[in-house]
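Now for the letters of each chain:
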Amino acid sequence: MFDVRTAEAGACCDQERDSGDSAMSITARRRRAFQRQACLLSVMAAFSLGLALGVFVPLIGISQAASKGAGAGPDRGPGAPQPPLDGGPVAESRTARPPAHEMPHFPTIDDIRRGSGSDDPQGVYSSVSFIAEEKLLRGTVADGGLHGSNRIVDPEDRKADRKASPPLPPPPMAIVEQMLAGVGGEPAREVRQAAEELDGVVRDGIYWGAQVERALPAGFDRHQSDSWTQYLREAQVDRLEVGCGRMQNRMLVFRDGTRACARYRQNTDQIQGELFSFYLGQLLNLTNLAPSAASIIDVDARLWSTATEDLSSAQWKPTKPVVITKWIGNLEPAGIPKPFQPLERHLNRYDVRNITEGLDKPPSPQHGPRSAQDGVRRLLLDRLAAPDGAAPVPSSRVPGTTLPPEVLERLVELAQWSDLIVFDYLIANLDRVVNNLYNFQWNADIMAAPAHNLARQTDSALLVFLDNESGLLHGYRLLKKYEAYHGLLLDNLCVFRRPTVAALEGLRAANVGRRLNALFERTTTAQIRDVLPPLPDKSVKILVDRIDRVLGQVHKCRETFANR
């Protein structure tokens, strides 16, 4: 029997279910609508934030740059734009040549220190990798105006500079010529003459020029070396005196009053090193090594027959080889040049230009800011680093014009140092500049002290490379420990003597070992060769590798600094 109350209750439940379903549907729709609105608002907020960062942040940077330029005022700091010479605004397309201190990072003592805890420091420190010149041409206008500053930078500032983008090349030559035309008159002639002051100083961007080469002291040529060898075959030693360095060395005084230094060692490695380093210097046409020759202690020989008592007092044993080097008078200690004294030490065409222009020293406060003429003068000199395709600066140099004596003297010293760095790297000499570099970790002032085993003739300014006995043998055995120090100065050297590079190229093409042994046979007797062996093949192979290494450095410098 149908129950009305049951039916009514069922209908009521159905109504309640329909009402609940309807309420749940409305809540879900509202939730989805809210989610869509929240998502839309998030997208709009992100878009607005990105728009703000893209528009307002650059405006803030431009404002700061403008305020910095305005804050420089009439004194105009090193980074301030130079005033336009024609009265118009500075063109935004003008770019700046990288000054020397902003060139690619050069290796420093710190690079070696980072590997001091390892047995192989060269695993941490490796050769500098130069930035190719075409890469330096990329980028936008720097904030420094037409050209970079040449001020002396604090070491902390240098660290910040390394993190910055590479500076930009000089403006096109057409702009320079237009600026010169705007100056006109005497200032233009002064600027053009100043631009030619580097003529004869640096050639092709990496070689010392004719003016420096002509000013180099004569030194000791091969003819003098041959004459010294012949002299020892006919001379007689009158006596031996204490002197010439180490305890067992002696000063020889000959019957005619000539003096010499004799190097005596218990083993033959250092005798070979001294002798063959001298031979290598001859093959490189270096005139900084005093004439040297080998001899054998033999009391029956004419050379030693009148000094037997002194030989006994010196405890020199018969049949031992010695190297006899001509005595050089008027010597004084030679220091390390300033370009190689700071923590970041390097020498390239920009450093030479700074020295030539006197810009390697901080400006004197009483002189005030540089004039507009100085700015043009600097800009035209910057043309020496122009990119490919730019027209060269027309030569208007007055014939016979020379550098100031004090500047030329500095450049002559640096030219000899360029040979010294190459020579010491080839023979792996431990006992000269590497001695200073290695001890720098304990004595920060040692780079300002005189270089070990280096002297200067007071009457000629010739640098004399003394005591090369660690070269080619002893130094080669210790390359694992000291190679980083050997390569430090070479990696930072980008100005070479062209005759030295040409001689290296000739040695690479020829057999350097054969040429060294040919000199050894020509300048020694059979008696000497019986007790003193030739240069070992292992040393010859290492020398060949180091010649390639030096020529590779020349190639890197040519790609980076040469005019092309």
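Residues numbered from 1 in each chain as written. Predicted model: local features only at pLDDT ≥ 70, side-chain atom pairs only at ≥ 80, totals over all residues. Heavy atoms only, no water.

Caption draft 1: Broad picture of the overall build of the protein. For the protein, the helix and strand inventory stands at 20 helices and 10 strands. Across the 564 residues that make up the protein, the buried fraction comes to 44%. In the protein, 80% of the contacts between residues at least 6 apart in sequence involve partners at least 24 apart. Carbon and sulfur atoms make up 54% of the accessible area of the protein, which totals about 28,700 Å². (Helix = DSSP H or I, 4+ residues; strand = E, 2+ residues; numbered from the N terminus. Buried < 20%, exposed > 50% of the residue type's maximum accessible area, 1.4 Å probe, protein only. Contact = heavy atoms within 4.5 Å. Areas by Shrake-Rupley, 256 points an atom, 1.4 Å probe, with all protein chains shown as cover.)

Caption draft 2: A look at the packing of aromatic side chains. A complete count under the given rule lists 15 aromatic pairs for this structure. Taking the centre distance of 5.4 Å and the plane angle of 70° together, the rings of Tyr438 and Trp442 count as edge-to-face. Looking at Tyr438, the relative accessible area reads 22%, which means it is partly exposed. Chaining the aromatic ring pairs together yields one cluster made of Phe276, Phe278, Tyr279 and Phe520. The cationic tip of Arg546 hangs over the ring face of Tyr425; the distance from NZ or CZ to the ring centre is 3.9 Å. (Phe/Tyr/Trp six-rings, centres within 6.5 Å; stacked < 30°, edge-to-face > 60°. Lys NZ or Arg CZ within 6 Å of the ring centre and 35° of its normal.)

Caption draft 3: Just the sheet that holds strand 4 (residues 250-254), in detail. If you walk across this open sheet you meet the five strands as 3-4-5-7-6, and the pairing is antiparallel. If you trace the sheet from one side to the other, it starts and ends with strand 3 (237-242) and strand 6 (292-296), each paired once. On average, each strand axis in the sheet is inclined to that of its neighbour by 30°, with strand direction left out of account. Two elements, strand 3 and strand 4, share five bridges in a ladder whose sense is antiparallel. In the strand pairing of strand 4, Val242 is matched with Arg250. (Pairing = 2+ DSSP bridges. Axes fitted to C-alpha atoms, helices over the stretch in contact; angles between N-to-C directions.)

Caption draft 4: How the structure looks around the state of the cysteines. Scanning the entire structure with this criterion turns up two disulfides. Across the disulfide, Cys244 is cross-linked to Cys261 (sulfur-sulfur distance 2.0 Å). Here Cys244 and Cys261 share a disulfide; its torsion about the S-S bond, -75°, makes the bridge left-handed. Taken together, the residues Cys244 in the loop between strand 3 and strand 4 and Cys261 in strand 5 (residues 259-264) connect sequence positions 17 residues apart. Disulfide pairing places Cys494 opposite Cys557 at an S-S distance of 2.0 Å. Measuring the twist about the S-S bond at about -70°, one finds the Cys494-Cys557 disulfide to be left-handed. Of this pair, Cys494 sits in the loop between helix 16 (479-491) and helix 17 (498-509) while Cys557 sits in helix 20 (residues 537-561), placing them 63 residues apart in sequence. Here Cys494 and Cys557 have matching classes, each one buried. When the bonded cysteines of the protein are counted from the start of the sequence, the pairing works out to 1-2, 3-4. (Disulfide = S-S within 2.5 Å.)

Caption draft 5: Looking closely at helix 9 (residues 269-283). Over its 15 residues, helix 9 runs 21 Å from end to end, which matches the ideal 21 Å to within 8%, given 1.5 Å per residue. Helix 9 sits mainly inside the fold: 14 of its 15 residues count as buried. Asn285 sits one or two positions beyond helix 9 and adopts a positive phi of about 60°. (Expected span 1.5 Å × (residues − 1).)

Nothing here speaks to function; it is geometry throughout.
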